[in-house]
Amino acid sequence: MEFIESFMKFSFSDDDIFRIEEDELVKDVENVKACECVVLISQNVALIEAKSSSPRIDNEEKFQNFISDIGQKFADSLQLFSDIKSKAKGDEAFQRLPLNLQNPQVPTEAYKVYLIIHGHQLDWLLGLTDALRKELKDVVKQWNLRDANVKVYNEATALENKFIVAYIPRPETAALRQPDGSIDDAKVQAWFTAHE
């Protein structure tokens with residue numbers, strides 16, 4: 001399965017990926033947020049959220065709102081994925097999971113939480129990782145995760161780690177936005193098609 005999000009192209013085997021953000025359980029329930037996907041990567045279950053930008057750490061209010069929103073997405077996604085996998089949401093929801101994510105053998109300590117921010121400078125990643133770990137402290141404890149399993153990447157480090165297969169270079173992204181600043185999906189799709 002391939003999908004494009006935040007100027008980045010993701011590609012995983014259909015048997016390994018669950019687009020949790022697109023699932024009807026997220027769309028039908030108010031106040032539930034979800035990350036882009038849950039995917040099996042090298043025997044680890046990774047929850048991935050992608051963003052096209054983030055506020056600077058020195059803009060405290062905007063930055064805290066951003067981190068809180070990301071934290072809720074990961075917390076809600078972990079709970080929902082666990083409920084689906086344990087069949088607490090019924091057999092029909094369980095059957096929507098790809099084959100390799102139905103496997104009950106992956107312990108939660110092998111779960112990874114990855115935030116990928118396109119255009120983020122490398123030297124900002126550490127501060128953002130620390131802020132996200134602090135935001136998810138209770139979630140990490142609840143699910144028996146490791147603090148080190150919460151990581152923030154930019155597009156270049158995500159490509160190196162094979163979480164994405166391609167990205168649009170930063171200087172070219174401005175031309176792919178709507179006047180209000182939102183991403184023009186049709187232009188982004190056309191860019192990737194032209195650069196295959």
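Scroll up to find the structure.
Residues numbered from 1 in each chain as written. Predicted model: local features only at pLDDT ≥ 70, side-chain atom pairs only at ≥ 80, totals over all residues. Heavy atoms only, no water.

Enquirer: How would you explain helix α8 (residues 185-194) if you had to name every residue and give the values?
Expert: When we look at burial in α8, the residues that qualify are Val188, Trp191 and Phe192. For α8, the angular spread of the buried residues around the axis is 95 degrees, confining them to a single face. Away from its buried face by more than 90 degrees, α8 exposes Ala186 and Ala194. In this structure, the buried side of α8 is in contact with β1 (2-5), β2 (8-11), β8 (166-167) and α7 (170-173). (Buried < 20%, exposed > 50% of the residue type's maximum accessible area, 1.4 Å probe, protein only. Helix = DSSP H or I, 4+ residues; strand = E, 2+ residues; numbered from the N terminus. Arc of directions from axis to C-beta. Contact = heavy atoms within 4.5 Å.)

Enquirer: A description of the packing of helix α2 (residues 60-85) against helix α4 (residues 125-135) should follow, citing residues and the corresponding values.
Expert: Here α2 crosses α4 at 55 degrees, and the two axes come no closer than 9 Å. The angle between α2 and α4 falls in the class oblique. For the crossing formed where α2 meets α4, the hand is right-handed. Residues Phe63, Gln64, Phe66, Ile67, Ser68, Ile70, Gly71 and Phe74 of α2 form the contact with α4, whose own contacting residues are Leu128, Ala131, Leu132 and Glu135. (Axes fitted to C-alpha atoms, helices over the stretch in contact; angles between N-to-C directions. Parallel < 35°, antiparallel > 145°, perpendicular 65-115°, else oblique. Left-handed = near helix turned anticlockwise from the far one by under 90°.)

Enquirer: Provide a residue-level description of the sheet that holds β1, including the pertinent values.
Expert: With respect to topology, three strands assemble into an open sheet ordered β1-β2-β8, the strand pairing being antiparallel. Sheet topology places β1 and β8 at the edges, where each strand pairs with a single neighbour. Direction of pairing for β1 relative to β2: antiparallel, over a ladder of four bridges. The residue of β2 that forms the bridge with phenylalanine 3 is phenylalanine 10. (Pairing = 2+ DSSP bridges.)

Enquirer: Give me the lowdown on the nonpolar core, citing residues and values where you can.
Expert: Core analysis: the biggest nonpolar cluster contains 38 residues, and Val45, Phe74 and Phe81 have the highest contact counts within it. Sorting the residues of this core by element identifies β4 (37-41), β5 (44-51), α2, α3 (91-95), β6 (111-117), α4, α5 (137-142) and β7 (150-154) as the ones contributing at least two each. By residue number, the principal contributor to this core is α2, which donates nine residues. Non-local contacts of phenylalanine 74, meaning those with residues more than four positions away in its chain, are made with Cys35, Leu47, Ile48, Glu49, Val113, Tyr114, Leu115, Leu132 and Leu136. Among the nonpolar cores identified, the runner-up in size contains 16 residues, and Met8, Phe12, Ala46 and Ile48 belong to it. (Core = buried A, V, L, I, M, F, W, Y, C linked by side-chain atoms within 4.5 Å.)

Enquirer: I'd like to hear about the sheet that holds strand β3 (residues 17-18), residue by residue, with values.
Expert: Paired through backbone hydrogen bonds, the strands of a sheet run either parallel or antiparallel to each other. Spatial ordering of the open sheet is given by β3-β4-β5-β6-β7, a layout of five strands whose pairing is mixed. A single partner strand is all that each edge strand has here, and the edge strands are β3 and β7. The pairing of β3 with β4 spans two bridges and is antiparallel. When the bridges of β4 are listed, isoleucine 17 appears paired with valine 39. On the sheet, α2 packs against β3, β4, β5 and β6 and is oriented at approximately 145 degrees with respect to β5. Lying on the sheet, α4 is in contact with β6 and β7; it crosses β7 at an angle near 145 degrees.

Any functional reading would require information that these geometric values do not contain.
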